[in-house]
Amino acid sequence: MKNLDESRKTLDQIDSQIVDLLENRMKISKEIGIYKLNKQFKYRRFITGR
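For the structure given in this document, a descriptive report is provided here. (Residues numbered from 1 in each chain as written. Predicted model: local features only at pLDDT ≥ 70, side-chain atom pairs only at ≥ 80, totals over all residues. Heavy atoms only, no water.)

### Thoughts on the overall build of the protein
In step 1: Per the secondary structure count, the protein includes one helix and zero strands.
In step 2: Scaling as 2.2 N^0.38, a compact globule of 50 residues should have a C-alpha radius of gyration of about 10 Å, whereas the protein reaches 22 Å, well beyond that.
In step 3: Counting only C-alpha atoms, the protein reaches 70 × 5 × 5 Å along its principal axes.
In step 4: Burial statistics for the protein: of 50 residues in total, 0% are counted as buried.
In step 5: Just so you have it, the protein exposes about 5,400 Å², and 59% of that area is on carbon and sulfur atoms.
In step 6: Counting 12 positive and 7 negative side-chain charges, the protein places the centres of these two groups 20 Å from one another. (Helix = DSSP H or I, 4+ residues; strand = E, 2+ residues; numbered from the N terminus. Rg over C-alpha atoms; globule rule 2.2 N^0.38 Å. Buried < 20%, exposed > 50% of the residue type's maximum accessible area, 1.4 Å probe, protein only. Areas by Shrake-Rupley, 256 points an atom, 1.4 Å probe, with all protein chains shown as cover. Lys, Arg positive; Asp, Glu negative; His and termini not counted. Charge placed at Lys NZ, Arg CZ, Asp CG, Glu CD.)

Below, the structure is given as structure tokens:
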């Protein structure tokens, strides 16, 4: 049983790390999306003069 408990703890730690990495990835993806939208908006304003 002790080995099973250790394995479960290890899996829980790995799962926590995966969740943290995915959350960081989502934040970075959002920042990139916002940057691209702003860049496109500025380009359109430059072209149209509005």
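### Observations regarding a nonpolar patch on the surface
In step 1: On the surface, Leu11, Ile14, Ile18 and Leu22 cluster together to form a nonpolar patch covering roughly 360 Å² of accessible area.
In step 2: Assignment of secondary structure puts Ile18 in helix H1 (residues 2-48). (Patch = residues over 30% accessible without salt bridge, like charges linked within 9 Å, V, L, I, M, F, W, Y side chains within 5 Å. Salt bridge = Lys/Arg side-chain N within 4 Å of Asp/Glu carboxyl O.)

So, to be careful, I would describe these as geometric facts and stop short of saying anything about function.
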